[in-house]
Amino acid sequence: GARMLAGLPSAEACLVVSGRAGFELVQKAVAAGIGSLVAVGAPTSLSVRLATEHGLALYAFTRPGRVVSYSR
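Being a predicted model, the structure only gives us computed values, none of them experimental.

Engineer: Got a minute to help me understand unusual backbone geometry in this structure?
Structural biologist: If a residue is not glycine, its phi is most likely negative; likewise, a peptide bond is most likely trans. With a phi close to 55 degrees, F61 is a non-glycine residue in the positive phi region. With respect to the secondary-structure elements, F61 resides in strand β3 (residues 57–63). F61 gets classed as partly exposed once you look at its relative accessible area, which sits at 26%.

Okay, structure coming up:
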């Protein structure tokens, strides 16, 4: 939100969430033009499909030294 209020490009933003990468979060990130979404928990199959269709980089199961890429 701060990036958008400052007039900075949202495509360079990274949305980080502490839970699952559900469809609704991916849908909101796509609508806002966010470039990537990083989640601690698992993505749903629908969220992976939506992220892939819209070019949203989706990463999940993030831990120190580990990340799984689902979409780029």
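Engineer: Can you help me understand the sheet that holds β3 in this one?
Structural biologist: By definition, the strands of a sheet pair up through backbone hydrogen bonds, in either a parallel or an antiparallel sense. With mixed pairing, 4 strands are arranged side by side in an open sheet as β1-β2-β3-β4. With one partner strand each, in any of the chains shown, β1 (14–17) and β4 (66–71) form the two edges of the open sheet. Averaged over all pairs of adjacent strands, the angle between strand axes in this sheet comes to 20 degrees, irrespective of strand direction. Of the pairings in the sheet, the one linking strand β2 (residues 36–39) to β3 comprises 3 bridges and is parallel in character. The residue of β3 that forms the bridge with S36 is A57. Against the sheet, helix α3 (residues 45–54) touches β3 and β4, its axis set at about 65 degrees to β4.

Engineer: How do you make sense of the confidence of the model for the protein when you look at a structure like this?
Structural biologist: Caution is warranted with low-pLDDT regions, since their predicted coordinates should not be read in detail. Here the protein averages 92 in pLDDT, and 99% of its residues register 70 or above. Ranking the elements of the protein by mean pLDDT puts helix α1 (residues 2–5) last, at 74, and α3 first, at 97.

Scoring rules and cut-offs
Residues numbered from 1 in each chain as written. Predicted model: local features only at pLDDT ≥ 70, side-chain atom pairs only at ≥ 80, totals over all residues. Heavy atoms only, no water. Helix = DSSP H or I, 4+ residues; strand = E, 2+ residues; numbered from the N terminus. Buried < 20%, exposed > 50% of the residue type's maximum accessible area, 1.4 Å probe, protein only. Pairing = 2+ DSSP bridges. Axes fitted to C-alpha atoms, helices over the stretch in contact; angles between N-to-C directions. Contact = heavy atoms within 4.5 Å. pLDDT = per-residue confidence, 0-100.

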